[in-house]
Amino acid sequence: MMRQKRQVYNPFLPLNEYIPDGEPHVFEGRIYLFGSHDRFNGDRYCMDDYVCYSADIHDITDWKMEGVIYRKDQDPRNMTGSHCLWAPDVAKGPDGKYYLYYCFDTLPEIGVAVSSQPYGPYDYLGLVHDSNGTVLGRGAGDLIQFDPGIFIDHDDEIYLYSGNAPRHQNEEMNKGSQVMRLYPDMITLKDKPRPLIPDVRNSRGTGFEGHEFFEASSIRRIGEIYYFIYSDIQSSALCYAVSDKPDKNYRFGGQIITLGDTGYQGRRADQPQNFTGNIHGGMECINGRWYIFYHRQTNKTQFSRQACAEEITILPDGSIPQVEMTSCGLNGGPLSGEGRYPAVIACNLQGKEGAVFSSKLLMDKRFPFFTQEDSCPFIANMTDGALAGYKYFDIKNAETIIVEIRGSASGKMVVYSGSEEVICAEIKIDAETEEWIAFSASFHVKASATALSFIYKGKGAIDFKSFELKGRKTCE
C-alpha cells in the first residue's frame, strides 16, 4: 500500500521554528532550504546559528530538520558569538563540494564555509578576497557587503552578488547592488565588483522607478533568461528583473509576492491584508514546478520570521504574474475540507482598522498577532472586527465547525466563505477563562474550493488556537 502524503501548509516548517531569508536549492534529489535563523521573542535579526531543512523533491510535504550546519562562532571574527549570521546562500562548486556564503550584521566582508554535503556541517574557509589578498569590503572604495547570492552558470562562470541600498534618495551610503566573478576556488575575485540593479539614487529612466533595489539578491536561470530576485524599496515586496546576461542589462519584471498582497489584483499599498515588514527569498524548480520562498512576520516584530512558499507560474514570454499569500502553499492544491488546523496558518490577519507594519510600537491593543506560548502557536488578541483569513480549502461534506479559543469575551465568531463574504457559520462565544475551550456551530458552504474568513464580533478579546471542520457521518 502506498503511503498517503501528508498535507502541508504555510508556514511549512514546525510552527515554533523561525527561518527567514530562505534560499531554496535542489541538490541530489532533495530540496534544501538555507536561511537565517531567528529566535522567538528575539530582539535582533538572526540571533541563532544556521540550520537546514530538506525534503524529497517528490514529497515536499515532509520536511526534515538536518540540524545545525554552521555556528556563528566558527568564524574567527566572531569567536565570542556577538555578531549575528544574516542571509546566506549555497552553491555546489566545480570540485563537488558545497560552499556557504554569508555576512555578519555589522561587518563589511563576505565569509565562506565549505562542506562535502549540502546539509553540512560546514567548516570555515575564509573571506572573499582579490588576487592580492585584499579582503572584499576592506579595500579602498569597497562597498559594504550584504546578503550574498551565489550562481554558477552553464559555462561554469561563477557569479557572486551582494548589496544593500538606501530606501531614500537623500541617503548617501557606501552601499549598492553589485556583481562580481570568482575563480574556481570559490573565494578569490576574478574581477572587480560592478554595479548591477538601480537603486533610488540612480534609477531615473531605468524602468525600476518605485521598485528600486533594496536588498536580498538571488539569481536563477530559466532557459536563456536570467532572473534576479530582490527586495525593493518597499521592503515587503519580492520583485524580479530579467536579462539575457547574468551580470548586466537587467530590466524590471514585476512583483512576485508581497506581504499583505499589496499590488495583487490592484490592491493599494495602504490596504495590506496582513502585517508587513521586510521580505527575502528565492525561487526554485521542484519536480517540474516553480515556487517562490519567502518569510512572514510574527510576534509584533521583524525578529521572529517564518518560512512560507507559494507556487508560481512562468508564462511563455518569461514573465511571472504576482501570486497571493495562501495557507495551502506547497500543498499542491487546496487543503482538505475536513480536519483540524492551527489558527496561525492564516494568510490574512488584521484588526478592525486593517493591518500595519509589524512592530510593537504600531501594533497596539487594536491588533491581533501571531505568537506562541510554551511552543504552542496561536493568534493573540482578536478583538471586535479582527479577521483571520485562510486560502484555500476543498470543502465537500463539512457540516460542523469548531473553534478553540480562550480569553474574556462575549460575542460570536462569524465565518465567511469566498470573496463574496457569504456567511457559512456563526459560532457563539461566551468565555472567561485562561484555559483553551471549544465552541461549535453548524457549517454550510456551497463552493468546494474556497477561502474562509473568521471575524470576531463582540466584547472583550480572544486568543484563537485552532479550528476544525467536521463532515457528516456515513455508514461503513
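Residues numbered from 1 in each chain as written. Predicted model: local features only at pLDDT ≥ 70, side-chain atom pairs only at ≥ 80, totals over all residues. Heavy atoms only, no water.

Notes on the state of the cysteines
Then comes step 1: Counted under the stated rule, the structure contains zero disulfides.
Then comes step 2: Sulfur of C308: no disulfide; nearest cysteine sulfur belongs to C347 and is 9.5 Å away.
Then comes step 3: C308 gets classed as buried once you look at its relative accessible area, which sits at 3%.
Then comes step 4: Here C328 is not disulfide-linked; the sulfur of C347 is the nearest cysteine sulfur, at 7.9 Å.
Then comes step 5: The class for C328 is buried, based on a relative accessible area of 10%. (Disulfide = S-S within 2.5 Å. Buried < 20%, exposed > 50% of the residue type's maximum accessible area, 1.4 Å probe, protein only.)

Remarks on a nonpolar patch on the surface
Then comes step 1: Residues F357, L361 and L362 make up a contiguous nonpolar surface patch of about 320 Å² in total accessible area.
Then comes step 2: Mapped onto the fold, L361 is located in the loop between β22 (348–350) and β23 (369–373). (Patch = residues over 30% accessible without salt bridge, like charges linked within 9 Å, V, L, I, M, F, W, Y side chains within 5 Å. Areas by Shrake-Rupley, 256 points an atom, 1.4 Å probe, with all protein chains shown as cover. Salt bridge = Lys/Arg side-chain N within 4 Å of Asp/Glu carboxyl O. Helix = DSSP H or I, 4+ residues; strand = E, 2+ residues; numbered from the N terminus.)

Structural notes on the pairing of strand β18 (residues 289–296)
Then comes step 1: Where burial is concerned, most of β18 is hidden: seven out of the eight residues are buried.
Then comes step 2: Examined bridge by bridge, strand β17 (residues 282–286) and β18 share five bridges and lie antiparallel to one another. Across the sheet, the residue bridging to I286 is R289, located in β18.
Then comes step 3: In sequence, β17 turns back onto β18 through a hairpin of two residues, with N287 there showing a positive phi of about 55°.
Then comes step 4: Across six bridges, β18 lies against strand β19 (residues 306–311) in antiparallel orientation. (Pairing = 2+ DSSP bridges.)

A closer look at the side chain of Q302
Then comes step 1: Looking at the secondary structure, you find Q302 in the loop between β18 and β19.
Then comes step 2: At 3.2 Å, the side chain of Q302 and the side chain of Y45 are in polar contact.
Then comes step 3: Apart from residues lying up to four places away in sequence, Q302 is in contact with D38, Y45, G277, N278, Q297, F357 and S358. (Polar contact = N/O pair within 3.5 Å; in protein donor to acceptor, adjacent residues only side chain to side chain. Contact = heavy atoms within 4.5 Å.)

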